[in-house]
Amino acid sequence: MNKPLLAALSTLAIAGAGVAPAVAAPQVAPEVAPKAAAVTVDFAGIVSLSNCSGSVIRFPNSTDTAPALVMTNGHCLETGFPEPGEVITGQSSSRTFGLLNSAGTKVATLRANQVVYSTMTDTDVTIYRTTTTYAAIKSAYNISPLTVSATHPTAGTAIKVVSGYWKTIYSCSIDGFVYRLKEGDWTWKDSVRYTSACNTIGGTSGSPVIDTSTGQVVAVNNTGNEDGETCTENNPCEVSENGTVTVREGINYAEETYNIPACFTSANVLALSASTCTLPKP
């Protein structure tokens, strides 16, 4: 996992190196239609946690008056890592989040009153309910939540991983998908593998992975193989459908989020019993 820990000054230097420089777009031949322009991805709606990163998120059908939700990793839960097979719902919480504006400046402190959902089984996600609404945040700070896409991401898609903890944006592409990603006692399904440019580090756990063509969240950043070890903590391994194990030292991963919207009502109430909800259940 991208450890939720404070890092040394050398790590800060690595974090800075993770920001890809802007480059001029290649010229397009007249007969080829240009691709749609990428949306601007900045820090608006991103949050910093005490040890991780996260974001204020909504779903496609969420109402503006619904309680605002914050998404991070399951392994960022303040009460400790959920056990394999464990799903936590409705747990009281008073955790705080630093809300960032587009420039990465903290403009407010949001507070949770509940862990709506948290697990490290099949995926690695925690969703908090805050004490405010999207409309109130928009009115006070002119900041909108990030929308979680309800569509499976596509290989080759340009993405940005936005860390509120480090106030750093990593730019790369989705390299592909992993049938099973195993790390220590935990196993995640259909994980996103980044190209090497997204060299995420400790503290980036929980960062939203944003499709630069839509501006929507397609995954939540969670881990990377640090030392080349096989299937140990901080050294996840890829397991194919036929059981082949592959280790990619220095490569980082995220967990898809497209299946989450089907498990919430428009009022952001968890609905695990919904017929289209495929999230693990308690």
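What you see is a predicted model, and the numbers here were worked out from it, not measured in a lab.

Thresholds applied
Residues numbered from 1 in each chain as written. Predicted model: local features only at pLDDT ≥ 70, side-chain atom pairs only at ≥ 80, totals over all residues. Heavy atoms only, no water. Core = buried A, V, L, I, M, F, W, Y, C linked by side-chain atoms within 4.5 Å. Buried < 20%, exposed > 50% of the residue type's maximum accessible area, 1.4 Å probe, protein only. Helix = DSSP H or I, 4+ residues; strand = E, 2+ residues; numbered from the N terminus. Contact = heavy atoms within 4.5 Å. Pairing = 2+ DSSP bridges.

Visitor: Help me get a handle on the nonpolar core, residues and values and all.
Guide: Ranked by size, the top nonpolar core spans 46 residues in total, and within it Val56, Leu69, Met71, Phe97, Leu99, Ile260 and Phe264 carry the most contacts. The element contributing the most residues to this core is strand 6 (residues 106–119), with six residues. Not counting residues up to four positions away in its chain, the partners in contact with phenylalanine 264 are Phe59, Asn61, Leu69, Val116, Ile127, Val269, Leu270 and Ala271. Core analysis: the second largest hydrophobic core is formed by 15 residues, Tyr170, Tyr194, Ile201 and Val218 among them.

Visitor: Break down the pairing of strand 3 (residues 67–72) for me, with residues and values.
Guide: Among the six residues of strand 3, five are classified as buried, and the element is accordingly described as predominantly covered. Note that strand 2 (residues 53–58) and strand 3 share three bridges and pair antiparallel. Note that in strand 3 the partner of valine 56 across the bridge is valine 70. Both strand 3 and strand 7 (residues 125–133) contribute to a ladder of five bridges, which runs antiparallel. Bridge assignment links methionine 71 to a residue of strand 7, and that residue is isoleucine 127.

Visitor: Explain unusual backbone geometry residue by residue, including any values.
Guide: Outside of glycine, negative phi angles account for most residues, and trans bonds account for most peptide bonds. Positive phi is not limited to glycine here, since lysine 167 has a value of about 55 degrees. Residue classification places lysine 167 among the partly exposed residues on the basis of a relative accessible area of 42%. In the Ramachandran plot, aspartate 190 falls in the positive-phi region, its phi being about 50 degrees despite a non-glycine side chain. Mapped onto the elements of the fold, aspartate 190 is located in strand 11 (residues 186–194).

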